[in-house]
Amino acid sequence: MTLAAADPAFRIHAALDRLAADMPALGVAVSGGGDSMALMHMVADWARGRRIMVATVDHGLRPESADEARQVGRAARALGLPYATLLWQRGTEAGNLMASARDARLRLLSGWAQRNGLSAVLLGHTADDQAETLLMRLGRGSGIDGLASMAEWRDAFGIRWLRPMLGAGRQDLRDWLAARGIGWTDDPSNENEDFDRIRIRKAIAATGLDVAALARAAGHIGEARDALSHYAAHAARDAVIRNGSLTLPRRPYQDAPAEIRRRLIVAACRWITGADYPPRRNTVLHALNAIATGHRVTLDGALIEPAGDRIRLFREAAAALRAPGSPGGTWDNRWKISGLKPGQHVAALGMGEMARVKWRLSGLGRDEAAASPAVWEGDRLVAAPLIRAAAPYDLRPLRGAADFHRLVMAH
Ligand SMILES: Nc1ncnc2c1ncn2[C@@H]1O[C@H](COP(=O)(O)OP(=O)(O)OP(=O)(O)O)[C@@H](O)[C@H]1O
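Residues numbered from 1 in each chain as written. Predicted model: local features only at pLDDT ≥ 70, side-chain atom pairs only at ≥ 80, totals over all residues.

- The name an unreviewed UniProt entry gives the protein chain is tRNA(Ile)-lysidine synthase, with Paracoccus angustae as the organism.
- The record held by UniProt for the protein chain lists under Subcellular location (unreviewed entry) the comment "Cytoplasm".
- The UniProt entry for the protein chain carries the following text under Catalytic activity (unreviewed entry): "cytidine(34) in tRNA(Ile2) + L-lysine + ATP = lysidine(34) in tRNA(Ile2) + AMP + diphosphate + H(+)". (UniProt positions renumbered as here; feature names shortened; annotations may be inferred.)

### A word on the site of the ligand
Then comes step 1: If you check the shell around the ligand, you find 14 residues, and the closest are A29, S31, S36, V57 and G124.
Then comes step 2: Secondary structure elements with two or more residues in the shell around the ligand: α3 (34–46), β2 (51–58), α5 (97–115) and α6 (127–140).
Then comes step 3: Classifying every residue of the shell around the ligand by side-chain character gives four nonpolar, six polar and four charged. (Near = placed C-beta within 6 Å. Helix = DSSP H or I, 4+ residues; strand = E, 2+ residues; numbered from the N terminus. Nonpolar A, V, L, I, M, F, W, Y, C, P; charged D, E, K, R; others polar.)

### Observations concerning the domain arrangement of the protein chain
Then comes step 1: The domains assigned to the protein chain are domain 1 (3–227), domain 2 (229–316 + 401–410) and domain 3 (319–397).
Then comes step 2: Here domain 1 and domain 3 have C-alpha centroids that lie 48 Å from each other. (Domains from an automatic or database assignment.)

### Looking at the packing of helix α10 (residues 211–236) against helix α12 (residues 258–273)
Then comes step 1: The contact between α10 and α12 brings their axes to 10 Å, and the two run at 60°. It follows from the interaxial angle that α10 and α12 lie oblique. Crossing hand, α10 versus α12: right-handed. Two secondary-structure elements touch here, α10 through L228, Y231, A232, A235 and A236 and α12 through E259, I260, R263 and L264. (Axes fitted to C-alpha atoms, helices over the stretch in contact; angles between N-to-C directions. Parallel < 35°, antiparallel > 145°, perpendicular 65-115°, else oblique. Left-handed = near helix turned anticlockwise from the far one by under 90°. Contact = placed C-beta atoms within 7 Å.)

### Considering helix α9 (residues 196–207)
Then comes step 1: Under the 1.5 Å per step criterion, the end-to-end length of α9 is 16 Å for twelve residues, consistent within 8% with the ideal 16 Å.
Then comes step 2: G208, located one to two residues past α9, shows a positive phi value of around 65°. (Expected span 1.5 Å × (residues − 1).)

### Comments concerning the nonpolar core
Then comes step 1: Membership of the largest hydrophobic core comes to 53 residues, with the highest contact counts inside it found for L264 and A268.
Then comes step 2: Here the element with the most residues in this core is α12; it accounts for nine residues.
Then comes step 3: Here this core spans two domains, and each of domain 2 (229–316 + 401–410) and domain 3 (319–397) adds at least three residues to it.
Then comes step 4: The residues contacting A268, other than those within four sequence positions of it, are L246 and L313.
Then comes step 5: V43, A55, V72 and L166 belong to the second largest nonpolar core, which has 47 residues in total. (Core = buried A, V, L, I, M, F, W, Y, C linked by C-beta atoms within 7 Å. Buried ≥ 20, exposed ≤ 12 C-beta atoms within 10 Å, placed from the backbone.)

### Quick notes on the packing of α12 against helix α13 (residues 281–292)
Then comes step 1: Their axes nearest at 10 Å, the elements α12 and α13 cross at an angle of 105°. On the basis of their axis angle, the class for α12 and α13 is roughly perpendicular. In this structure, α12 contributes R261, R262, I265 and V266 to the contact, and α13 contributes V284, A287 and L288.
Then comes step 2: In terms of residue class, the contact of α12 with α13 is built from five nonpolar, no polar and two charged.

### Re the sheet that holds strand β11 (residues 310–315)
Then comes step 1: Overall, antiparallel pairing links the five strands, which are arranged β7-β8-β11-β10-β9 in an open sheet. The sheet is open, and its two borders are formed by β7 (240–242) and β9 (297–299), each paired with just one other strand. Sheet twist, expressed as the mean angle between neighbouring strand axes with direction ignored, is 20°.
Then comes step 2: Of the pairings in the sheet, the one linking strand β8 (residues 245–249) to β11 comprises four bridges and is antiparallel in character. Opposite L246, over in β11, you have L313 as the bridge partner. (Pairing = 2+ DSSP bridges.)

### Notes on the sheet that holds strand β17 (residues 394–397)
Then comes step 1: Strand order across the open sheet formed by three strands is β12-β13-β17, with antiparallel pairing between neighbours. Looking along the sheet, the strands with just one partner apiece sit at the ends: β12 (329–331) and β17. When the angles between neighbouring strand axes are averaged without regard to direction, this sheet yields 30°.
Then comes step 2: As paired strands, β12 and strand β13 (residues 335–338) are joined by three bridges and run antiparallel to one another. Of the residues in β13, the one forming a bridge with W331 is W335.

### Section: the environment of H125
Then comes step 1: Tracing the chain through its elements places H125 in the loop between β4 (120–122) and α6.
Then comes step 2: The sequence separation of H125 and S36 amounts to 89 residues, and the corresponding C-alpha distance is 7.9 Å.
Then comes step 3: Every residue in contact with H125, bar those within four places of it in the chain, is listed here: Q130, R163, M165 and L166.

### Description of unusual backbone geometry
Then comes step 1: A positive phi angle is found at N243, which is not glycine, with a value near 50°.
Then comes step 2: Relative to the helices and strands, N243 is located in the loop between β7 and β8.
Then comes step 3: For N243, a count of 16 C-beta atoms within 10 Å translates into the label partly exposed.
Then comes step 4: The phi angle at D300 is positive, at roughly 50°, despite the residue not being glycine.
Then comes step 5: As for its position among the elements, D300 is in the loop between β9 and β10 (302–307).

Rendered as structure tokens:
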């Protein structure tokens, strides 16, 4: 028996030292299952003066869920840890129930962490979860980002999520709990073979696959992904950002590995359009091929134009024309505009009016100018502030260079 198997707490405490040593206040997300119950007890042993809080999300999907949450509450209080149950008020979300429950869980936990001044929330994913995720995603053809294991990341609200148990096995943790007489609840959906994860879990058990080796592979992929992110961020420094458009020097782009080219283009496209999701894989491949052969191409509402020693990316005029007009504030998820009078609205300049605003003098290309914001009164053009500064209209891009770098790192 290895030392870690004899007492997985050593390994978890070491991971906590690595991930959270400098954090004075931490949350633990506990479902009541074996993994997160073990996590809660191990964190309580490790905490030494840190403020630790515990929360369960009650999804209300099973009649026992409220009772299970109360049991977690009792166990937390017995360890001297403040506890909260967070209730999911289900809306009318369509689609996959498990995926909505998971999104809601992370949202509720993140809000709880913010309200309580916690710098991070600990999750109980184990090496087994990691191995299952790797096999599931391999089956779906995910790229390196999907296959990589993540022991820590930060969400949009600045909350860090930490997974200190990726080095521990599910059975070892249950043995650890049993040896201490600590109970846990088994979610019946863990036996439901309708879920890919459960089928893969059973296949791993039946074939005797080495879970720890699979989890380590996911860890190595994670390291490779981080190295790629840094390469991409380095390449992104060459980007020139102006007037809501982006220019990449062609040479370093062409010399970069395919994965970096993909990241730069996907990040640039999302930076231009403000889309929440990356474009679909086959449309990205099509765009990358077009760029490689020197052709103009559109990608999810962005126009990409290889020209001479540069690649220019900007908003596609047709997409900007489809964006709803705005009475001021934000428009087309790209610009923030103020100074409009009542009865005026912002919409794309379009091709029709371009002759009147001398767009050539602005240094903008034809399509770029057509996609630029203009102030209208009914269908009368009042001003085109990007082309000629026009007080009192004040125009600011919603995203800057830092946002582009963030997107490049995220893909
Ligand atoms: N209802 C819940 N309340 C609080 N924390 C939970 C809850 N469900 C899951 N967690 C936390 O998330 C961890 C992982 O659980 P599980 O694998 O079920 O979640 P998931 O978010 O669906 O994971 P994945 O990222 O693998 O999809 C748990 O160990 C626990 O820390």
